[in-house]
Amino acid sequence: MARGLTELSTKIGKFLEYSCDGYGIFDQDDILIACNKAFADIFEIPHHDIINKSFADIVRITQCSQKGIKIDSTDIEQWLIYAKSRRRSQEFRVFEVDLMDGRWFLLSEQTLADGEMLTHARDITNLKLNEKHLAESTVKLRTLALTDELTQIANRRSFIESVKSEINRCQRQQAAMAFLLLDIDYFKKINDTYGHLTGDQVLVTITTLIKTMLREYDIFGRLGGEEFGIFLAKTSPKTAEEVAERIRETIMQHNFVVDGNIIKVTLSIGISLATQDCKFESLYKNADRLLYEAKHAGRNKVMLATKAD
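Throughout what follows, the structure given in this document is the object of discussion.

What counts, and at which threshold
- Residues numbered from 1 in each chain as written.
- Predicted model: local features only at pLDDT ≥ 70, side-chain atom pairs only at ≥ 80, totals over all residues.
- Heavy atoms only, no water.
- Pairing = 2+ DSSP bridges.
- Helix = DSSP H or I, 4+ residues; strand = E, 2+ residues; numbered from the N terminus.
- Axes fitted to C-alpha atoms, helices over the stretch in contact; angles between N-to-C directions.
- Contact = heavy atoms within 4.5 Å.
- Buried < 20%, exposed > 50% of the residue type's maximum accessible area, 1.4 Å probe, protein only.
- Parallel < 35°, antiparallel > 145°, perpendicular 65-115°, else oblique.
- Nonpolar A, V, L, I, M, F, W, Y, C, P; charged D, E, K, R; others polar.
- Arc of directions from axis to C-beta.
- Polar contact = N/O pair within 3.5 Å; in protein donor to acceptor, adjacent residues only side chain to side chain.
- Salt bridge = Lys/Arg side-chain N within 4 Å of Asp/Glu carboxyl O.

1. Points about the sheet that holds strand 11 (residues 267-273)
In space, the five strands of this open sheet follow the order 7-8-6-11-12, with mixed pairing throughout. Edge strands, defined here as strands with exactly one partner in the open sheet, are strand 7 (219-224) and strand 12 (302-304). Between one strand axis and the next, the sheet turns through 20° on average, direction left out of account. In this structure, strand 11 lies alongside strand 12, joined through three bridges in parallel fashion. Among the inter-strand pairings, G270 is bridged to a residue of strand 12, identified as M303. Here helix 7 (residues 156-172) sits on the sheet and contacts strand 6 (177-184), strand 7 and strand 8 (227-233); the angle it forms with strand 8, its principal contact strand, is near 20°.

Pasting the structure below:
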């Protein structure tokens, strides 16, 4: 029996010697009494130097050399007090740590009744990198789903969702709000005369110009084709009209240069003012009616409503 256990111990020791996973045993006083080379490599301390050192001393050495476990604290001693309160707080616990060289490890601690603790460390760097890339891809895909590809502002779906949420917030705060519906005058003629690439350039330039005239929290989106929407929270009717006129005048005065030719572009704008019980649909419907009136009145005009339908 004893011989069998000795052989088993020898075989286990041989496997641990060549294992890529780190294994370390700390006694009840938190002194490292045994470990394999992979465990010592985590702390970048030679195997013969790390044995018989306390966990606290190992951490102090690595922090001085700027190697090993990354610690988000400028007070190492305070961190060690916290670490001590966590170590052996459970019979078994699992957690992740990142190293100063960019690697990540999944650590497990198995504590015996006498206080001895076996620590197992597995390299999960590739897994963490994959998680990071997946998270970045998810954010990118969500951005693409909510953004108009050409102008890089909110698309119709994103704009409407944002405006509905903002309407609810403004209504709770009893704040004034306004919805502007903008349309480029004779845009089809621009596309037919100069081509769709020129039309796209005009859309991008107009978007850029308008963004400079809006507040950071104003909601600006492309609703389709040459139609844009702007939602102004906490904005009086007078201010909404001033913003619309400033936008109209800026676009009217801007010279759109294409192949050496100057193109003059104008906007028609309908402004719908929100009531405390209005919905997005009523705001849009009212603004669309006013936009039609602006077009019918000769274009390059701002039409303002007194209230939402």
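Once the structure has been displayed, the description carries forward.
2. Points about unusual backbone geometry
The backbone phi angle of R299 is positive, close to 70°, even though this residue is not glycine. Here R299 lies in the loop between helix 11 (280-296) and strand 12. The phi dihedral of N300 is positive, around 55°, even though this residue is not glycine. Among the structural elements, N300 can be located in the loop between helix 11 and strand 12.

3. Quick word on the sheet that holds strand 4 (residues 104-111)
Taken together, five strands build an open sheet; the order of strands is 2-1-5-4-3 and the sheet is antiparallel. This sheet does not close on itself; its edge strands, each paired only once, are strand 2 (32-35) and strand 3 (92-98). Averaged over all neighbouring strand pairs, the angle between strand axes comes to 20°, with direction disregarded.

4. Let's talk about the pairing of strand 3
Pairing analysis gives seven bridges linking strand 3 to strand 4, with the strands arranged antiparallel. Bridging across to strand 4, V97 finds its partner in F105. The hairpin turn running from strand 3 into strand 4, its antiparallel successor, is five residues long, and G102 in that turn takes a positive phi close to 100°.

5. Remarks on the environment of G229
By the element assignment, G229 lies in strand 8. Overall, G229 belongs to the buried group, its relative accessible area being 0%. Setting aside chain neighbours within four positions, we find G229 in contact with F159, F179, L180, I219, F220, G221 and L223.

6. A few points about the packing of helix 7 against helix 11
Interhelical geometry of helix 7 versus helix 11 gives an angle of 115° and a closest axis separation of 10 Å. One finds that helix 7 runs roughly perpendicular with respect to helix 11. Counted together, R156, F159, I160, V163, K164 and I167 of helix 7 and F280, E281, L283 and Y284 of helix 11 form the full contact between these two elements. Of the residues that constitute the contact of helix 7 with helix 11, the class distribution is seven nonpolar, no polar and three charged.

7. Observations concerning helix 5 (residues 76-86)
Turning to helix 5, its buried residues are I76, L80 and A83. Buried residues along helix 5 cover an arc of 60° about the axis, so they all sit on one side. Of the exposed residues in helix 5, the ones pointing more than 90 degrees away from its buried face are I81 and Y82. Looking at the buried positions of helix 5, the neighbouring elements they touch are helix 4 (55-65). Backbone nitrogen of E77 and a side-chain oxygen of the N-cap are separated by 3.3 Å at the start of helix 5; the cap is D75. Looking at the residues trailing helix 5, positive phi occurs at R88, about 70°.

8. Details of the pattern of salt bridges
Scanning all chains against the criterion turns up 23 salt bridges. R87 is paired through a salt bridge with D30; the nearest N and O atoms lie 2.8 Å apart. In this pair, R87 is assigned in the loop between helix 5 and strand 3 and D30 in the loop between strand 1 (22-26) and strand 2, connecting sequence segments 57 residues apart. Taken individually, R87 and D30 each receive the classification buried, so the pair is uniform in this respect. For the salt bridge of R222 with D148, the shortest nitrogen-to-oxygen distance reads 3.2 Å.

9. Overview of the pairing of strand 5 (residues 117-123)
The side chains of a regular strand alternate, residue by residue, between the two faces of the sheet. Alignment of strand 1 against strand 5, held across five bridges, turns out to be antiparallel. Bridging from a neighbouring strand, F26 pairs with M117 of strand 5. Note that strand 4 and strand 5 share seven bridges and pair antiparallel. The residue bridging Q110 from the neighbouring strand is L118, located in strand 5. The turn linking strand 4 back onto strand 5 is made up of five residues, and G115 within it adopts a positive phi angle of 100°.

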